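Analysis of the macromolecular model
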Amino acid sequence: MILRKHAVDFAIANSLCYNNYMAKKIFEKGTANKYIILFLSLVLLGVFLFILGRMEYYYTHQVFENAVEFKKKYLRDSVNNLISDIDATRTDTIDMYHYLLFSNKTHIENKVKIYGPDAVQNYFDEHFQQIGWAYFIYDNTTKKIIQDKLNLVPDSWEEDENFIKKLFTAYSTIEYKNSTIVYGVLHSALDSYMEEVVRSKIHRYYYSEDSHIWVNKIINFNGGQNYAIRLIHPNIPSSEGQYLSTDMQDAVGGFPYLDELEGIKNNNGECFYSYYFLKKGSVDVGKKLTYGKLYPDYNWIVCMGIYYDDIEQDISGTSTKLRTIVFKIAMPVVSLFLLLLLLALFLQVRADQKKYALSSQPLKNKVDFDTLTHANSHQFGVEELDFAYRKFTNGISVSPAIMLLDVDHFTVINNTYGKEEGDRVLKEIIKKIYDTIRSSDIIIRWNEDEFIGVFYGLTPNNIESFAKKLLSAVNSLAINCNGNIIHATISLGFTFFKESDTGYEVAVRRADNALYESKCNGRNQFRIR
């Protein structure tokens, strides 16, 4: 756009110089008259107005294209943040299931010894009714099923560990007399739980400009009738559970579900596409820019869209004001007209840039900051870590200390006291950490209860005292959750960039391994790798 503006200015300046030169030559020769001067002025004015019209078109078009690209980044980042959150929640839930298996196995074994196999079901009903536990019993000699109330195992079953792993997310066994009791949490139970968790998150989220996230579940990647089901849709909750077909049309006869499916299949599991849809609470139809990404573990397509009308509204003032300036300015002399127009255009460009920057700032803040804890967002963290890594590899600065922090037993806190109380525990912990560290230090919300710290100037010799300071600060918290005082703890993993690292991701994985060591050694401690 700047190149076009310079080209127009240069053309106008050349035309003006040419006009002045010709007028001077005519005057010097005594052959000029007012009609020729008027004709040349009118021609120059016509050329100027034509150039101005083209300039307005290219300027508006370029601003619109830039706005669309910004919105695409916003849609992609929002969907990717949700998918990262889903991954973290799923991992934490599986860890909780394994923890419950391990911590309750002795109790279940003792119950079975006293009351027999039925004690397993009784124990589940008493302690874990909402989790989705199941079990079956088979004879150790004949391998035949003795008890299977849920018909989990086919008649042709033979003792097969792979079958058990496909059936259960987490499982364990108990030997009883000449039989084996296999019990655990079904994959279907985990899937149902994750679906409800994600539905709750999406229905609770708020985005400006009538944008929202929804989820379609693919049943048949070949498309056709009932190829998918609308799993989650906060704007039309009554449509959840509705089957979708690739021959369904939008408001103007397009095939959005076909475009979505083909885009996902042909673009490595993600795509942008457009369709026409009724606006919420209105009878108006609008064109919608949409981003969809496949979550392959569940065959979900996670989508988010925004209406093009909202993008156009952001820049609608530009064309109107520019046209107003053209019609209001009367130019007695071509040179004066050009001067005033260039000044008006300059002021218009500056005003539009300022307006667009101000209107974009809330969206940027939403991408850069986590609204719950006020820590920096995952996307901000990716950019900061990559920036720090590039400075390190280029020899500009030494490596900062990179810390991975995880709240111990956070899933248990959430399940015991509720999501709102769990969120408050996170806020209190991060607030305490901010009170403890320097104002220049950076805290990033990496996943739901996992945070990354970037500490410039912190050396390996100071890690131990710094880590103990953080652990002690969090340990001092006494958080009231529904009348119960919780003393939350955290586990830490530290690392620094190394010459052998091929990207910041390698250092993050190393910090994650250090964090895993902290958790395996009892939590509420730190490790360095």
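Residues numbered from 1 in each chain as written. Predicted model: local features only at pLDDT ≥ 70, side-chain atom pairs only at ≥ 80, totals over all residues. Heavy atoms only, no water.

Looking only at helices and strands, the chain features 13 helices and 17 strands. By the burial criterion, 46% of the 529 residues in the chain qualify as buried. Here the analysis covers contacts within the chain between residues at least 6 apart in sequence; of these, 61% occur between residues at least 24 apart. Accessible area for the chain stands at about 27,800 Å²; split by element, carbon and sulfur atoms hold 54% of it. (Helix = DSSP H or I, 4+ residues; strand = E, 2+ residues; numbered from the N terminus. Buried < 20%, exposed > 50% of the residue type's maximum accessible area, 1.4 Å probe, protein only. Contact = heavy atoms within 4.5 Å. Areas by Shrake-Rupley, 256 points an atom, 1.4 Å probe, with all protein chains shown as cover.)

Time to look at helix H3 (residues 118-127). Turning to H3, its buried residues are Ala 119, Val 120, Tyr 123 and Phe 124. Along H3, the residues classed as buried sweep out an arc of 140° about the axis, all on the same side. (Arc of directions from axis to C-beta.)

Burial within strand E1 (residues 133-139) is extensive, with seven of its seven residues counted as buried. Burial of E1 is two-sided: the residues Trp 133, Tyr 135, Ile 137 and Asp 139 facing one way and the residues Ala 134, Phe 136 and Tyr 138 facing the other way are all buried. Two elements, E1 and strand E4 (residues 179-186), share seven bridges in a ladder whose sense is antiparallel. Paired with Asp 139 across the strands is Ser 179, a residue of E4. (Pairing = 2+ DSSP bridges.)

This part covers the packing of aromatic side chains. Taken as a whole and judged by the stated rule, the model has 18 aromatic pairs. Pairing Tyr 295 with Trp 300 gives two aromatic rings, centres 6.1 Å apart and planes at 40°, and the pair type is tilted. This pair shows no difference in class: Tyr 295 is buried, exactly as Trp 300 is. When the ring of Phe 392 is compared with that of Phe 497, the centres are 5.8 Å apart and the planes differ by 35°; the resulting orientation is tilted. With Phe 392 in helix H9 (residues 378-393) and Phe 497 in the loop between strand E16 (490-495) and helix H13 (504-520), this pair connects stretches of sequence that are 105 residues apart. The two residues Phe 392 and Phe 497 agree in class, both being buried. Members of the aromatic cluster, each reached through a chain of ring pairs, are Phe 124, Trp 133, Tyr 135 and Tyr 183. Over the ring of Phe 272 we find Lys 72; its NZ or CZ atom is 5.2 Å from the centre of that ring. (Phe/Tyr/Trp six-rings, centres within 6.5 Å; stacked < 30°, edge-to-face > 60°. Lys NZ or Arg CZ within 6 Å of the ring centre and 35° of its normal.)

Another point: helix H10 (residues 410-417). Among all positions of H10, only Phe 410, Thr 411, Ile 413 and Asn 414 are buried. Seen end-on, H10 carries its buried residues on one side only, within an arc spanning 160°. Looking one or two residues beyond H10, the residue adopting positive phi is Gly 418, at roughly 100°.

Attention shifts here to the environment of Leu 426. By the secondary structure assignment, Leu 426 is in helix H11 (residues 419-436). Using a relative accessible area of 0% as the deciding quantity, one classes Leu 426 as buried. Each C-alpha atom, one on Leu 426 and one on Asp 449, is 7.2 Å from the other, the two residues being 23 residues apart in sequence. Beyond its immediate stretch of four places on either side in the chain, Leu 426 contacts Leu 372, Thr 373, Val 407, Phe 410, Arg 445, Glu 448, Asp 449 and Phe 451.

The next thing to look at is the pairing of E16. Among the six residues in E16, six count as buried, and that is most of the element. Side chains Ile 490, Leu 492 and Phe 494 project from E16 onto one buried face, and the interleaved Ser 491, Gly 493 and Thr 495 project onto a second face that is buried too. The pairing of strand E11 (residues 401-407) with E16 spans six bridges and is antiparallel. Looking at the pairing, Leu 405 lines up with Leu 492 of E16. As judged from the three bridges shared by E16 and strand E17 (residues 526-528), these two strands associate in the parallel manner. Bridge pairing links Gly 493 to Arg 527 in E17. In this fold, the crossover linking E16 to E17 by way of H13 has left-handed handedness. (Right-handed = clockwise from strand over helix to strand, strands pointing away.)

Our next topic: the nonpolar core. Note on soluble globular proteins: their nonpolar side chains tend to be buried together. If you look at the biggest cluster of nonpolar residues, it comprises 58 residues, and the most contacted ones within it are Trp 133, Phe 136, Phe 168 and Tyr 183. By residue number, the principal contributor to this core is helix H2 (residues 34-115), which donates 14 residues. Setting aside its immediate chain neighbours within four residues, Phe 136 contacts Ile 145, Gln 147, Asp 148, Leu 152, Val 153, Trp 157, Ile 164, Leu 167, Phe 168, Thr 180, Ile 181 and Val 182. Among the nonpolar cores identified, the runner-up in size contains 34 residues, and Ala 375, Phe 451, Ile 490 and Phe 494 belong to it. (Core = buried A, V, L, I, M, F, W, Y, C linked by side-chain atoms within 4.5 Å.)

This part covers unusual backbone geometry. Of note, the phi angle at His 374 is positive, near 65°, even though the residue is not glycine. Positive phi is not limited to glycine here, since Arg 523 has a value of about 65°. Mapped onto the elements of the fold, Arg 523 is located in the loop between H13 and E17. The partly exposed category is assigned to Arg 523, whose relative accessible area is 28%.

In this section: the sheet that holds strand E3 (residues 168-176). Strand order in the open sheet made by the four strands is E2-E1-E4-E3, with antiparallel pairing throughout. Among the strands making up the open sheet, the edge pair consists of strand E2 (145-147) and E3. Each adjacent strand pair in this sheet contributes to an overall mean axis angle of 30°, direction not counted. Where E1 and E2 come together, two bridges link them in antiparallel fashion. Within the sheet, the bridge partner assigned to Tyr 138 lies in E2 and is Ile 145. Where H3 meets the sheet, its contacts fall on E1, E2 and E4, and the angle it forms with E1 comes to roughly 175°. (Axes fitted to C-alpha atoms, helices over the stretch in contact; angles between N-to-C directions.)

A low pLDDT means the predicted coordinates there should not be read in detail. Put simply, the chain has an average pLDDT of 83, and 80% of its residues get 70 or more. Confidence over residues 1-23 falls short of pLDDT 50; this stretch has 20 contacts with residues more than four positions distant or in other chains. Contacts for the low-pLDDT stretch residues 356-366, under 50 throughout, to residues beyond four places or in other chains number 13 contacts. (pLDDT = per-residue confidence, 0-100.)

Taken together, the side chains of Val 252, Tyr 276, Leu 278 and Val 285 present a nonpolar region at the surface, about 340 Å² in accessible area. Relative to the helices and strands, Leu 278 is located in strand E8 (residues 270-278). The exposure class of Leu 278 is partly exposed, given its relative accessible area of 47%. (Patch = residues over 30% accessible without salt bridge, like charges linked within 9 Å, V, L, I, M, F, W, Y side chains within 5 Å. Salt bridge = Lys/Arg side-chain N within 4 Å of Asp/Glu carboxyl O.)

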